Amino acid sequence: MSDIDPEQRIYAVLAAIPSGVVVTYGQVAELAGLPNAARLVGRTLRHLPKGSSLPWHRVINAAGKISLPPDSDSGKQQIARLQQEGLVVDGCRISLAKYRWRP
DNA sequence: ATGGTGACTTGGC
DNA sequence: TGCCAAGCCACCA
């Protein structure tokens, strides 16, 4: 279909995620046309610059939990941003049933 | 070249 | 939901 880099597709998908919802790594990979690349998504997010405008905080794992140490800087950042968007965050858990984005 | 690791997922109980 | 095992993909020592 397209011949752009996988990372570019991932960025595009991320940018399309609306506020107030969350998606899983696998979901991002799927939407980016990269099946079985959930790990690649995680790696890509890890490489994101600190001041990126991309909503990386809306990405959680399939278990409905934040894939970052809750005590880490980024982890706390993610929780704070999600709450700021009106989501109910229970520790590192978030209700996928409630907030999962369905395009 | 080989094996270990990780911001992962799915299927079985 | 929760735990476990197996699969998958890119990176690194």
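The structure under discussion appears in the preceding block.
Rules used in this analysis
- Residues numbered from 1 in each chain as written.
- Chains lettered and ligands numbered in written order.
- Predicted model: local features only at pLDDT ≥ 70, side-chain atom pairs only at ≥ 80, totals over all residues.
- Heavy atoms only, no water.
- Core = buried A, V, L, I, M, F, W, Y, C linked by side-chain atoms within 4.5 Å.
- Buried < 20%, exposed > 50% of the residue type's maximum accessible area, 1.4 Å probe, protein only.
- Contact = heavy atoms within 4.5 Å.
- Near = heavy atom within 4 Å.
- Polar contact = N/O pair within 3.5 Å; in protein donor to acceptor, adjacent residues only side chain to side chain.
- Helix = DSSP H or I, 4+ residues; strand = E, 2+ residues; numbered from the N terminus.
- Nonpolar A, V, L, I, M, F, W, Y, C, P; charged D, E, K, R; others polar.
- Salt bridge = Lys/Arg side-chain N within 4 Å of Asp/Glu carboxyl O.

K.L.:
Explain the nonpolar core to me, please; I cannot follow it from the model alone.
P.N.:
Across soluble globular proteins, nonpolar side chains have a tendency to be buried as a group. In this structure, I10, L14, V28, V41, L45 and V59 are the most contacted members of the largest nonpolar core, which totals 19 residues. Those residues in contact with V59 that sit more than four places away from it in its chain are L14, V23, T24, Y25, V28, L45 and Q78. Counting 10 residues, the second largest nonpolar core, distinct from the first, contains V22, I79, L82 and L87.

K.L.:
Would you mind going over the protein's contact with DNA strand B with me for this structure?
P.N.:
Every one of the 13 residues lining DNA strand B counts as a neighbour, but Y25, G26, R39, A62 and S67 are closest to it. Counted by atom, the contact set of DNA strand B within 4 Å of the protein is 39% sugar and phosphate. With respect to DNA strand B, the side chain of Y25 contributes an N or O atom lying 3.0 Å from a base nitrogen. In the model, a base nitrogen of DNA strand B is placed 2.6 Å from a nitrogen or oxygen of the R39 side chain. Taken together, the elements giving at least two residues each to the surface near DNA strand B come down to α2 (25-31) and α3 (38-47). In terms of residues, the surface near DNA strand B owes the most to one element, α3, which gives 5 residues. When its residues are assigned to classes, the surface near DNA strand B shows 6 nonpolar, 5 polar and 2 charged.

K.L.:
How should the environment of G42 be read in this particular structure?
P.N.:
Along the chain, G42 falls in helix α3. C-alpha of G42 to C-alpha of V28: the two residues are 14 residues apart in sequence and 9.9 Å apart in space.

K.L.:
Looking at this structure, I do not really get the pattern of salt bridges. What am I missing?
P.N.:
Two side chains of opposite charge can pair, provided their charged atoms sit close to one another. Per the stated rule, a full pass over the model turns up 1 salt bridge. A salt bridge links E85 to R58; its shortest N-O distance comes to 2.8 Å. Of the two residues, E85 sits in the loop between α4 (73-84) and β3 (89-90) while R58 sits in the loop between α3 and β2 (59-60), which places them 27 residues apart along the sequence. When its relative accessible area of 10% is taken as the criterion, R58 is described as buried.

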